[in-house]
Amino acid sequence: MIEHLQGKLVEKTPTQVIIDCGGVGYQVNISLHTYSLLPNADFIKLFTHLQIKEDAHTLFGFMEKSEREIFKMLLSVSGIGASIARTMLSSLDPKQITNAIASGDVVTIQSIKGIGSKTAQRVILDLKEKVLKLYDLDEVSMSQSNTNRDEALSALEVLGFVRKASEKVIEKIVKEDPEASVETIIKKALKNL
């Protein structure tokens, strides 16, 4: 119903902003992710989602359209209301959420306050296909290889290798083989260090 609001930022807190649009002040609920992206300028534009219930009309605002789409997808899951969806987007950034859903990472989703194992599993079950269709599969595999890269790097540090040298070698290995497992990265790195 209301696609976006553009106007003067009157007040901001980590959970909400008030935007003056043509003399009307709109109270808009935001996530910490959106709060961190708010510019220092007086005028802002937020993409919005209006939730209408019997007792309230609540506006939610997002700096990025992609965050709003994830918010809407989360609302479609049984057991996830607007406050939990906003908490999810405050706890993790949108890419972390989509990657966790796409890779079936129950632990990451369950780490969010207010989400139990059943709800986390339901989120993955309901949204995995949607996320994989909307977002490039390469993003998910890249995040997996980044995790492998980070684990390999910390393992080499524990073994006593200098971080800078290890990073250069690991970057080269990951470029050659983006799907390399942690063990493969470490073995190849040990040969080159």
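The rules we used
Residues numbered from 1 in each chain as written. Predicted model: local features only at pLDDT ≥ 70, side-chain atom pairs only at ≥ 80, totals over all residues. Heavy atoms only, no water. Helix = DSSP H or I, 4+ residues; strand = E, 2+ residues; numbered from the N terminus. Polar contact = N/O pair within 3.5 Å; in protein donor to acceptor, adjacent residues only side chain to side chain. Contact = heavy atoms within 4.5 Å. Salt bridge = Lys/Arg side-chain N within 4 Å of Asp/Glu carboxyl O. Buried < 20%, exposed > 50% of the residue type's maximum accessible area, 1.4 Å probe, protein only. Pairing = 2+ DSSP bridges.

Draft legend 1. Structural context of the side chain of Arg-68. Within the element layout of this structure, Arg-68 appears in helix H2 (residues 65–75). At 2.7 Å, the side chain of Arg-68 and the side chain of Glu-3 are in polar contact. With residues up to four places along the chain from it excluded, the contact list for Arg-68 reads Glu-3, Phe-47, Thr-48, His-49 and Phe-62.

Draft legend 2. Broad picture of the pattern of salt bridges. Applying the stated criterion to the full structure yields 3 salt bridges. With its nearest N and O atoms 2.7 Å apart, the salt bridge here joins Arg-68 to Glu-3. In this pair, Arg-68 sits in helix H2 while Glu-3 sits in the segment before strand E1 (4–12), placing the two residues 65 residues apart along the sequence. The class of Glu-3 is partly exposed, set by a relative accessible area of 42%.

Draft legend 3. Expanded view of the pairing of strand E2 (residues 16–21). Alternating positions in E2 separate cleanly, Val-17, Ile-19 and Cys-21 being buried on one face and Gln-16, Ile-18 and Asp-20 remaining unburied on the opposite face. Both E1 and E2 contribute to a ladder of 4 bridges, which runs antiparallel. Bridge pairing links Glu-11 to Ile-18 in E2. The turn joining E1 and E2, which pair antiparallel and follow one another in sequence, is formed by 3 residues. Judged from the 6 bridges that link them, E2 and strand E3 (residues 24–29) form a sheet pairing that is antiparallel. Of the residues in E3, the one forming a bridge with Val-17 is Val-28.

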